[in-house]
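# Architecture and fold: a report
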Number of protein chains: 2
Amino acid sequence: MATVKDVAKLAGVGSGTVSRYISGTGSVSRKSAEKIARAIEQLNYRPNSMARSLSSRRSDLIGVWVPSLEGPYYHMMIRTIESALRLHGKHMILANAEDAQSNEDRLAHLDYLINRDCDGILISSSLQSEFELATYAEKFPNLVVINHHTDELAGRSFSIDHDLGGRLAARHLLELGHTRVATITGRLSAQDARQRHHAFLDEMAKLGHPVPPKRIIEGAFSYAGGEQAVAALLATDADYSAVFCGNDKVAMVLIAELHKRGISVPGDVSVIGYDDVEFTPFTAPALSTIHAPIEEMSQSACHQLLNLTYGLDLPYQEHFEPSLSVRQSTGP
Amino acid sequence: MATVKDVAKLAGVGSGTVSRYISGTGSVSRKSAEKIARAIEQLNYRPNSMARSLSSRRSDLIGVWVPSLEGPYYHMMIRTIESALRLHGKHMILANAEDAQSNEDRLAHLDYLINRDCDGILISSSLQSEFELATYAEKFPNLVVINHHTDELAGRSFSIDHDLGGRLAARHLLELGHTRVATITGRLSAQDARQRHHAFLDEMAKLGHPVPPKRIIEGAFSYAGGEQAVAALLATDADYSAVFCGNDKVAMVLIAELHKRGISVPGDVSVIGYDDVEFTPFTAPALSTIHAPIEEMSQSACHQLLNLTYGLDLPYQEHFEPSLSVRQSTGP
DNA sequence: TCCAAAAGTGGGATCGGTTCCATTTTTGAA
DNA sequence: TTCAAAAATGGAACCGATCCCACTTTTGGA
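Everything quoted here is computed from the prediction, not taken from an experiment. (Residues numbered from 1 in each chain as written. Chains lettered and ligands numbered in written order. Predicted model: local features only at pLDDT ≥ 70, side-chain atom pairs only at ≥ 80, totals over all residues. Heavy atoms only, no water.)

## Concerning the overall build of chain A
- The helix and strand tally for chain A stands at 12 helices and 12 strands.
- If you line up chain A on its principal axes, its C-alpha atoms span 85 × 35 × 30 Å.
- With 332 residues in all, chain A has 58% of them scored as buried.
- A fraction of 68% describes how many contacts in chain A between residues 6 or more apart in sequence connect residues 24 or more apart.
- Taken together, the 31 basic and 39 acidic charged side chains of chain A have centroids lying 10 Å from each other. (Helix = DSSP H or I, 4+ residues; strand = E, 2+ residues; numbered from the N terminus. Buried < 20%, exposed > 50% of the residue type's maximum accessible area, 1.4 Å probe, protein only. Contact = heavy atoms within 4.5 Å. Lys, Arg positive; Asp, Glu negative; His and termini not counted. Charge placed at Lys NZ, Arg CZ, Asp CG, Glu CD.)

Right, dumping it as structure tokens:
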């Protein structure tokens with residue numbers, strides 16, 4: 001493999017000039033540029049990325065930490081992030097903490113990224129206590145958090161107004177005439193699950209139809225957690241005509257189980273989800289849900305991270321609003 | 001940040017000894033080891049990954065090229081790969097060629113990986129003509145292909161017997177008594193789609209029930225492609241009691257559309273998918289499908305790539321067999 | 001006790017870029 | 001034409017590891 005020195009020699013210039021030519025910084029005369037271009041072509045030269053990184057103290061690597069890769073939610077995020085980073089010539093390295101058993105493990109996954117000398121880090125976490133985010137954020141200025149809001153991380157945390165989302169769900173069900181509703185939440189230790197859940201309950205109560213505890217099931221945002229929660233809900237003798245699920249995965253599981261039992265959606269029971277992931281138009285019936293702008297949020301987080309890390313000036317937005325997306329799984 | 005030299009000085013040993021201690025290769029006396037350990041602790045030393053890479057001429061980076069990140073199929077692959085690589089201390093960088101418009105673009109995505117000096121490359125491609133795989137594979141000994149078989153890439157291509165898969169689908173439908181079946185295929189330029197499709201047709205014909213052209217729709221393995229193909233199928237006056245879909249995404253779209261039209265599955269029409277992705281237990285009704293061992297295949301490909309690249313000796317298997325997974329979407 | 005083999009060691013050369021700086025060349029206004 | 005400012009240049013120092021090699025110390029069988 002050819003090196004800058006080879007190129008410099010062939011082009012009859014100094015190595016500094018070649019470096020300046022390649023990076024586009026500093027000035028190079030037209031004549032030199034041409035000679036260098038020809039030499040690069042001739043030698044089929046390609047800069048060595050490790051040498052470049054070592055010398056410039058920048059890896060062009062962005063670490064992305066996710067708590068799980070099950071289901072479409074995080075996938076949509078990853079897909080958006082990969083695309084945004086690639087557009088700017090950066091590379092993503094991924095740490096999926098799904099297999100972590102303890103908080104220590106989760107930290108180890110973060111170290112897996114940090115040890116790689118990432119220029120910046122994206123964390124998608126709604127578990128605020130998970131690790132001392134604030135402490136990390138202090139040590140690591142190029143760290144940005146997706147789907148979690150803290151005042152301490154102003155300008156570096158990107159979030160969706162899940163309070164509004166929960167209320168939109170409540171209002172939609174009430175407008176359709178459902179006064180007896182049940183709900184399956186995610187783990188309430190997670191900020192996003194908690195927010196939408198509390199807002200949902202609050203709005204129901206505020207509008208005169210509080211949800212009694214027997215119609216509240218705490219589940220988790222996974223297929224397995226969904227199955228358990230759905231089973232738990234269907235095992236109660238609670239009486240309801242609509243169910244608000246904390247995310248679309250759980251809603252999908254619920255619809256499948258209701259179908260299996262011959263209960264019609266939305267004929268007998270209306271179901272509304274949350275997130276509006278890829279598959280929502282394709283459940284049977286198509287899932288009414290709260291649309292969370294996951295992709296826009298992810299892209300904004302990426303942009304701001306690139307701004308902080310590389311001094312760019314890409315547009316971004318910190319807060320996003322969800323909206324109601326009515327399909328066929330909810331009815332009067 | 002502390003360097004090996006700092007550690008060496010504090011521990012009162014040479015830099016070579018520190019390096020040997022850290023890498024675990026070469027010999028270090030117990031006494032030195034203890035002093036070094038203490039110094040590392042004290043200085044909070046962490047090796048610089050770029051310097052290490054430059055010097056050792058190994059990046060510990062594995063590039064992964066995928067044609068798309070829509071839907072669960074590639075995500076399951078990515079998830080498996082990330083996990084296998086992390087277990088061995090390697091990092092994955094990803095290139096999603098979904099946004100590529102031309103063959104040239106797709107090659108550019110591959111260059112995005114190669115320019116990063118990946119130690120090895122994983123390509124998931126069923127489009128054999130996409131780029132000159134054989135040429136690349138020759139230049140790049142540490143390149144491995146998932147879900148594509150070529151004799152030229154013996155020991156480096158990992159595949160599923162989609163011929164068997166297609167036949168299993170045909171036999172299942174026939175055993176249930178469906179003699180008039182329709183099928184929606186993926187793009188037939190893709191090896192995997194072609195194989196399963198041709199095998200399906202062949203088996204149907206062989207067993208006395210050839211599928212006439214009017215009941216064959218060429219679609220694509222995406223939600224949008226599925227929607228189009230489903231619309232095309234339902235627009236014909238073809239008469240059938242079962243549909244074989246080339247993948248689960250398309251099957252999901254079909255079930256949703258049939259539901260919308262009040263056509264019962266499997267009462268009026270049976271539907272069988274292919275792949276057995278994450279969501280198949282949770283469609284309504286749960287999707288009968290051909291189980292393709294995507295995760296096992298991905299892991300094997302990873303293992304063999306690690307073997308080739310780092311001289312490991314991990315177990316792997318080149319060929320996998322699909323199996324029939326009967327759920328509720330198919331019936332008599 | 002002796003001594004060859006094995007284990008352990010220090011430090012310099014090296015990987016292939018970037019960056020700095022002193023120096024030379026070019027530019028263009030007076 | 002003159003000359004200060006701006007542009008362009010070459011090459012050495014540096015980034016922080018690994019690896020090699022010549023050398024010293026330890027080991028254990030005779």
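Text resumes after the structure shown.
## A look at the relation of the copies chain B and chain A
- Taken as rigid bodies, chain B and chain A are interconverted by a rotation of 180 degrees and an axial shift of 0.0 Å, the fit giving an RMSD of 0.1 Å. Taken together, the turn and the small shift mark the pair as related by a two-fold rotation axis. (Least-squares fit on C-alpha atoms with pLDDT ≥ 70 in both.)

## Let's talk about the nonpolar core
- Counting 142 residues, the largest nonpolar core has Leu122 and Val271 of chain A together with Leu122 and Val271 of chain B as its most contacted members.
- The contacts of Leu122 of chain A, once residues within four sequence positions are left out, are Ile62, Gly63, Val64, Trp65, Ile81, Val144, Ile146, Ala301, Cys302 and Leu305 of chain A.
- In terms of nonpolar packing, the next biggest core, distinct from the first, is built from 40 residues, Cys118, Ala137, Phe140 and Leu143 of chain A among them. (Core = buried A, V, L, I, M, F, W, Y, C linked by side-chain atoms within 4.5 Å.)

## A closer look at helix α10 (residues 223-235) of chain A
Residue and element names in this part refer to chain A.
- Across its 13 residues, α10 extends 18 Å between first and last C-alpha, which sits within 8% of the 18 Å expected from 1.5 Å per residue.
- What α10 keeps buried is the set Tyr223, Gly225, Gly226, Ala229, Val230, Leu233 and Leu234. Along the long axis of α10, the arc covered by the buried residues comes to 155 degrees, so they all point the same way. In α10, those exposed residues whose orientation departs by more than 90 degrees from the buried face are Gln228 and Ala235. (Expected span 1.5 Å × (residues − 1). Arc of directions from axis to C-beta.)

## Considering the protein's contact with DNA strand D
- If you check the shell around DNA strand D, you find 27 residues, and the closest are Gly14, Ser27 and Ser32 of chain A together with Ser19 and Ser55 of chain B.
- Put simply, 69% of the atoms of DNA strand D that lie within 4 Å of the protein are in sugar or phosphate.
- In this structure, Ser32 of chain A approaches DNA strand D through a side-chain N or O atom, which is 2.3 Å from a phosphate oxygen.
- Separating a sugar or linking oxygen of DNA strand D from a side-chain N or O atom of Ser55 of chain B is a distance of 2.4 Å.
- Mapped by element, the contributors of at least two residues to the surface near DNA strand D are α2 (15-23) and α4 (49-56) of chain A together with α2 (15-23) and α4 (49-56) of chain B.
- Element by element, the count of residues in the surface near DNA strand D is highest for α4 of chain B, at five residues.
- Split into classes, the residues belonging to the surface near DNA strand D amount to eight nonpolar, 15 polar and four charged. (Near = heavy atom within 4 Å. Polar contact = N/O pair within 3.5 Å; in protein donor to acceptor, adjacent residues only side chain to side chain. Nonpolar A, V, L, I, M, F, W, Y, C, P; charged D, E, K, R; others polar.)

## Description of the pattern of salt bridges
- One pass over the structure, following the stated rule, counts 38 salt bridges over all chains.
- A salt bridge links Lys249 of chain A to Glu70 of chain A, with the nearest nitrogen and oxygen atoms 2.7 Å apart. You can see Lys249 of chain A sitting in helix α11 (residues 248-260) and its partner Glu70 of chain A sitting in the loop between β1 (61-66) and α5 (72-87), a full 179 residues away along the chain.
- According to the relative accessible area criterion, Lys249 of chain A is buried, its value standing at 7%.
- Under the relative-accessibility criterion, Glu70 of chain A is labelled buried at 16%.
- In this structure, the salt-bridge partner of Asp202 of chain B is Arg167 of chain B, at a minimum N-O distance of 2.9 Å. (Salt bridge = Lys/Arg side-chain N within 4 Å of Asp/Glu carboxyl O.)

## Side note on the protein's contact with DNA strand C
- What surrounds DNA strand C is a group of 28 residues, the closest being Ser19 and Ser55 of chain A together with Ser27, Ser32 and Arg57 of chain B.
- Backbone sugar and phosphate groups make up 65% of those atoms of DNA strand C lying within 4 Å of the protein.
- For DNA strand C, a sugar or linking oxygen lies 2.3 Å from a polar atom in the side chain of Ser55 of chain A.
- Between Arg57 of chain B and DNA strand C, the recorded distance is 2.6 Å, taken from a side-chain N or O atom to a sugar or linking oxygen.
- When residues of the surface near DNA strand C are traced back to their parent elements, those giving at least two are α2 and α4 of chain A together with α2 and α4 of chain B.
- In terms of residues, the surface near DNA strand C owes the most to one element, α4 of chain A, which gives five residues.

## As for the sheet that holds strand β12 (residues 323-325) of chain A
All names here are of chain A.
- Ordered in space as β7-β6-β8-β9-β10-β12, the six strands form an open sheet in which the pairing is mixed. With partners counted over all chains shown, the strands left at the sheet margins are β7 (216-218) and β12, one partner each. Within this sheet the neighbouring strands show an average axis-to-axis angle of 20 degrees, counted without direction.
- Bridge count between strand β6 (residues 181-185) and β7: three bridges; the pairing is parallel. Within β7, the position partnered with Thr183 by the bridge is Ile216. (Pairing = 2+ DSSP bridges. Axes fitted to C-alpha atoms, helices over the stretch in contact; angles between N-to-C directions.)

## Quick look at the side chain of Lys90 of chain A
- Its location among the elements puts Lys90 of chain A in the loop between α5 and β2 (91-96).
- Not counting residues within four places of it along the chain, the set of residues in contact with Lys90 of chain A comprises Arg58, Asp60, Ile62, Leu85, Leu306 and Tyr310 of chain A together with Tyr112 of chain B.

## Things to note about the interface of chain B and chain A
- Taken together, the 53 residues of chain B in the interface contact 53 residues of chain A.
- Of the roughly 4,800 Å² buried where chain B meets chain A, counting both sides, 59% is carbon and sulfur surface.
- The three residues of chain B that bury the most area against chain A are Met50, Arg116 and Phe282 of chain B, which together make up 16% of that side's buried surface.
- Between chain B and chain A we count six salt bridges in total.
- Of the charged contacts in the structure, one is a salt bridge between Arg79 of chain A and Glu98 of chain B, with a shortest N-O distance of 2.3 Å. (Buried area = accessible area lost by both parts, 1.4 Å probe.)

## Considering unusual backbone geometry
Residue and element names in this part refer to chain A.
- In this chain, Val265 is followed by Pro266 through a cis amide linkage whose omega measures 5 degrees.
- Here Pro266 is to be found in the loop between α11 and β9 (270-275).
- Phi angles above zero are rare outside glycine, and Asp276 is one such case at about 65 degrees.
- You can see Asp276 is positioned in the loop between β9 and β10 (288-291).

## Section: the packing of helix α8 (residues 162-175) of chain A against helix α9 (residues 191-206) of chain A
All names here are of chain A.
- The contact between α8 and α9 brings their axes to 7 Å, and the two run at 40 degrees. In terms of axis orientation, α8 runs oblique to α9. Of the two elements, α8 crosses α9, and the hand of that crossing is right-handed. Of α9, the residues touching α8 (which contributes His162, Asp163, Gly166, Arg167, Ala169, Ala170, Arg171, Leu173 and Leu174) are Asp192, Gln195, Arg196, Ala199, Phe200, Asp202, Glu203, Met204 and Lys206. (Parallel < 35°, antiparallel > 145°, perpendicular 65-115°, else oblique. Left-handed = near helix turned anticlockwise from the far one by under 90°.)

## Description of the domain arrangement of chain A
- Assigned domains of chain A: these are domain 1 (4-47), domain 2 (61-160 + 294-320) and domain 3 (162-293).
- Taking the mean C-alpha position of each, domain 1 of chain A and domain 3 of chain A sit 62 Å from one another. (Domains from an automatic or database assignment.)

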